[in-house]
Amino acid sequence: MYTSFIKPSIVFIACVLALWRPAAAQEGNRQLDDYISFAFAQNQGLKQQQFDLEKAMFALKEAKAMYMPTVSMLGSYTKADGGRTIDVPVGDLVNPVYAALNELTASNKYPQLPNQSFLLNPDNFYDVKLRTSLSLINAEIRYNKEIKQQLISSQQAAVNVYKRTLVKDIKTAYYHYYQALQGVEAYQSALLLIAENIRVNTSLLKNGVRNGTALLRAQTEQQKTNAALINAQRNVGNAKAYFNFLLNRPLKDSINTIAMATVIAEPDTLTGISGREELKQLQALKAANTLDYKLQRSNIIPKLSTFLDLGSQGTDFKINDKTRYYLWGVNLQWDIFTGGKNKFRAAQAQSGLKVTQARLDETEQSLRLQLLQTYNNYNSAKAACNSAIAGLTLATKYYKDQLKAYHAGQLLYLELIDAQDQLTNARLRMAETQADLQITLAQLERDQASYPIHNPH
């Protein structure tokens, strides 16, 4: 008769052992990789990081465009009246000559002219031109472009930092969901055993072999386990919602958890933190600060630019050979004295460089510590998982022996309940240690930046 009681336990252990198979591990990895790829395309937080990267790339294109000539159309029109004038005594200079000529020729061919007064402000005057300007020597443009390139590297590293954190969060959520499912299965298996015990005790009570105490206790255990099952089902719902949130899917979408592996690989040696994007991000910021320092000291290099104007200017909007013109020139700017402004800016940039270097050193040491702690946690989780497997085997055998003794009338029902609780707790502990082991593996993968990330840029 006890075979019907033990069958769920045997099936459970068989499923656990099946999880150790390499083929199952590969299938589970593929499933998780598919979820991670989906999250890379859909996660809202990652999209924000990629928008920042896109912004940095456009900033670099803007910096490169500073090397190109600028063509602008400029135009102006002025209407003036009053104000300062220039007086030209045309009549005083010419009229005596004209009078003498009229007298000599006995005619009035040469009229008398009035003195003239001209406004200084141009009246009814237009000036339209195309100006092409080009920077020939400008250190600021070069350093600005190089700084933007370093900021792109920093932002790309920031995107990868977010991706790796997202990978870890997805795997953690996935394993928590799996653990919650295993908890539900453990309580459901316990309910099957309790239901069978209730059936047997009910039959024994009807036949007068046992009193009703064992039946009442079995019913009490059933209610307690039902309450635990409801709590476990709630945990499943919450874990599913959070996992789908990370993937930006409807919160109640189903999750495929078939063939989840207990151990994917055993990292006997640590690969180190050289691949961590946090370090690459700070190294790019350090390079940008170094360039900024050079930029602030570049005032000793003169700036040279050239320009060419092609236009037309005149009155009454006339355009002809007299109004068209061109103007070409070269501009030179060399800041000889700025009151120490550039010197103090360079000092600020140098201080920022020192701060970045200190952050880089601190981060590197912190990441080494984190990796060591995670590796120790992995070893502890692996030992706990091995212990849980052995504990489940022993708990199953112990329950089998206690069940035989109970059916033979050699055991109190309270002792059978204790064996049953031990079996349920062993199943729960097995699920918990499985999840913990996988989570520590995910954290170890995160700390070594070993998950393959493919960037489109």
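Residues numbered from 1 in each chain as written. Predicted model: local features only at pLDDT ≥ 70, side-chain atom pairs only at ≥ 80, totals over all residues. Heavy atoms only, no water.

J.: Please explain the overall build of the chain as it appears in this structure.
T.: Broken down by element type, the chain carries nine helices and six strands. For the chain, the residues scored as buried account for 37% of the 457 residues in total. Look at the contacts in the chain between residues 6 or more apart in sequence, and 85% of them connect residues 24 or more apart. Within the structure as shown, the chain displays about 26300 Å² of accessible surface, and the carbon and sulfur contribution to it stands at 56%. (Helix = DSSP H or I, 4+ residues; strand = E, 2+ residues; numbered from the N terminus. Buried < 20%, exposed > 50% of the residue type's maximum accessible area, 1.4 Å probe, protein only. Contact = heavy atoms within 4.5 Å. Areas by Shrake-Rupley, 256 points an atom, 1.4 Å probe, with all protein chains shown as cover.)

J.: Explanation requested: the environment of Y187 in the structure shown.
T.: Looking at the secondary structure, you find Y187 in helix α5 (residues 139-206). A sequence separation of 240 residues divides Y187 from R427, and the C-alpha atoms of the two residues are 9.1 Å apart. When near neighbours in sequence (up to four residues on either side) are disregarded, Y187 contacts T225, A228, L229, A232, T424 and L428.

J.: Which parts of the structure should I look at to understand empty space enclosed by the protein?
T.: Left-over empty space is what a probe sized like a water molecule reveals as it rolls over the atoms. This structure, assessed with the given rule, holds two cavities of 30 Å³ or more. If you add up the space inside the second largest cavity, you get close to 40 Å³. Taken together, R164, V167, K168, A442, E445, R446 and Y451 make up the full set of residues lining the second largest cavity. Of all the elements in the fold, those that place two or more residues in the lining of the second largest cavity are α5 and α9 (413-447). The residue inventory of the lining of the second largest cavity, partitioned by class, reads three nonpolar, no polar and four charged. (1 Å grid on protein atoms, 1.4 Å probe; cavity = no way out; pocket = protein on both sides within 12 Å on 5 of 7 lines; lining within 4 Å. Points joined across faces, edges and corners; volume = space filled by probe spheres on them. Nonpolar A, V, L, I, M, F, W, Y, C, P; charged D, E, K, R; others polar.)

J.: Even after reading the chapter, I still don't get a nonpolar patch on the surface, so can you show me in this structure?
T.: A contiguous nonpolar surface patch, about 870 Å² in accessible area, is contributed by V71, M73, V128, L130, L310, Y326, W328 and V330. Counting residues per element, the nonpolar patch draws most heavily on strand β6 (residues 324-333), at three residues. On the accessibility criterion, L130 (38% relative accessible area) is partly exposed. (Patch = residues over 30% accessible without salt bridge, like charges linked within 9 Å, V, L, I, M, F, W, Y side chains within 5 Å. Salt bridge = Lys/Arg side-chain N within 4 Å of Asp/Glu carboxyl O.)

J.: Before we go on, may I ask you to explain the packing of aromatic side chains in this structure?
T.: The relative placement of two aromatic rings is captured by the distance of their centres and the angle of their planes. As enumerated under the stated definition, the model contains nine aromatic pairs in all. Aromatic side chains Y174 and Y175 sit 5.6 Å apart centroid to centroid with 80° between the ring planes, which places their arrangement in the edge-to-face category. Take Y174 and Y175: they sit in the same class, and that class is buried. Here the aromatic cluster, defined as three or more aromatic residues joined through ring pairs, consists of Y35, Y174, Y175 and F243. (Phe/Tyr/Trp six-rings, centres within 6.5 Å; stacked < 30°, edge-to-face > 60°.)

J.: I keep staring at the pairing of strand β5 (residues 303-315) and nothing clicks. Help me out?
T.: Regular strands place their side chains on alternate faces of the sheet. Both strand β4 (residues 125-137) and β5 contribute to a ladder of 12 bridges, which runs antiparallel. Its bridge partner being in β5, L130 is matched across the sheet by L310. Pairing of β5 with β6, which is carried by 10 bridges, proceeds in the antiparallel orientation. In the sheet register, L304 faces β6, and the bridge partner there is L332. (Pairing = 2+ DSSP bridges.)

J.: So what exactly am I meant to see when it comes to helix α8 (residues 341-407) here?
T.: One full turn of an α-helix is made of 3.6 residues, so residues set three or four places apart face in the same direction. Over its 67 residues, α8 extends 95 Å from the first C-alpha to the last, a length consistent with the 99 Å expected when each residue adds 1.5 Å. At the C-terminal side of α8, G409 shows a positive phi close to 75°. (Expected span 1.5 Å × (residues − 1).)

J.: In this structure, what is going on with unusual backbone geometry? I would like to understand it.
T.: Residues apart from glycine generally show negative phi values, whereas peptide bonds are mostly found in trans. Positive phi values are uncommon outside glycine, yet A106 reaches one of about 55°. Position of A106 relative to the elements: it lies in the loop between α4 (90-105) and β3 (116-119). Residues other than glycine seldom take positive phi values, yet N248 does so here, at roughly 55°. Residue class for N248 comes out partly exposed when judged on its relative accessible area of 34%.

J.: Would you mind going over the packing of α5 against α9 with me for this structure?
T.: How two helices pack is summed up by the angle between their axes together with the distance between the axes. Interaxial distance between α5 and α9 falls to 9 Å at its minimum, and their mutual angle equals 170°. With respect to α9, the element α5 is oriented roughly antiparallel. In terms of residue class, the contact of α5 with α9 is built from 17 nonpolar, 14 polar and seven charged. (Axes fitted to C-alpha atoms, helices over the stretch in contact; angles between N-to-C directions. Parallel < 35°, antiparallel > 145°, perpendicular 65-115°, else oblique.)

J.: I keep staring at the sheet that holds β6 and nothing clicks. Help me out?
T.: What holds strands together in a sheet is hydrogen bonding between their backbones, with the strands either parallel or antiparallel. Read from one edge of the open sheet, four strands run β1-β4-β5-β6, paired in antiparallel fashion. The sheet is open, and its two edges are formed by β1 (70-78) and β6, each paired on a single side. Mean inter-strand twist for the sheet, computed between neighbouring axes without regard to direction, equals 20°. As defined by bridge partners, β1 adjoins β4 across nine bridges and the pair is classed as antiparallel. Across the sheet, residue T78 finds its bridge partner in β4, namely F125.

J.: Explain the packing of α5 against helix α6 (residues 213-246) to me, please; I cannot follow it from the model alone.
T.: Contact geometry of α5 with α6 gives a least axis separation of 8 Å together with a crossing angle of 160°. As the angle between them shows, α5 and α6 are arranged roughly antiparallel. Regarding α5 and α6, the two cross each other, and that crossing is left-handed. When the residues that make up the contact of α5 with α6 are grouped by side-chain class, the tally is 25 nonpolar, 11 polar and three charged. (Left-handed = near helix turned anticlockwise from the far one by under 90°.)

J.: Any chance you could explain helix α3 (residues 44-65) here in plain terms?
T.: Across its 22 residues, α3 extends 32 Å between first and last C-alpha, which sits within 8% of the 32 Å expected from 1.5 Å per residue. Those residues of α3 that fall on the buried side of the exposure criterion are G45, L46, L53, A56, A59, L60 and A63. Seen along its axis, α3 keeps its buried residues to an arc of 130°; they face one direction. Exposed and oriented more than 90 degrees from the buried face of α3 are Q48, F51, K55, K61 and E62. (Arc of directions from axis to C-beta.)

J.: Looking at this model, I keep getting lost on the environment of G83. Mind explaining?
T.: Mapped onto the elements of the fold, G83 is located in the loop between β1 and β2 (85-88). Among the residues examined, G83 registers a relative accessible area of 61% and is labelled exposed. Sequence separation between G83 and L119 is 36 residues, and the spatial gap between their C-alpha atoms is 7.0 Å.

J.: Mind showing me how you'd approach the environment of Q49 here?
T.: Within the secondary structure layout, Q49 lies in helix α3. For the pair Q49 and Q155, spaced 106 residues apart in the sequence, the C-alpha separation amounts to 8.0 Å. Each residue touching Q49, except ones within four places of it in the same chain, is listed here: Q155, A158, V159 and Y162.

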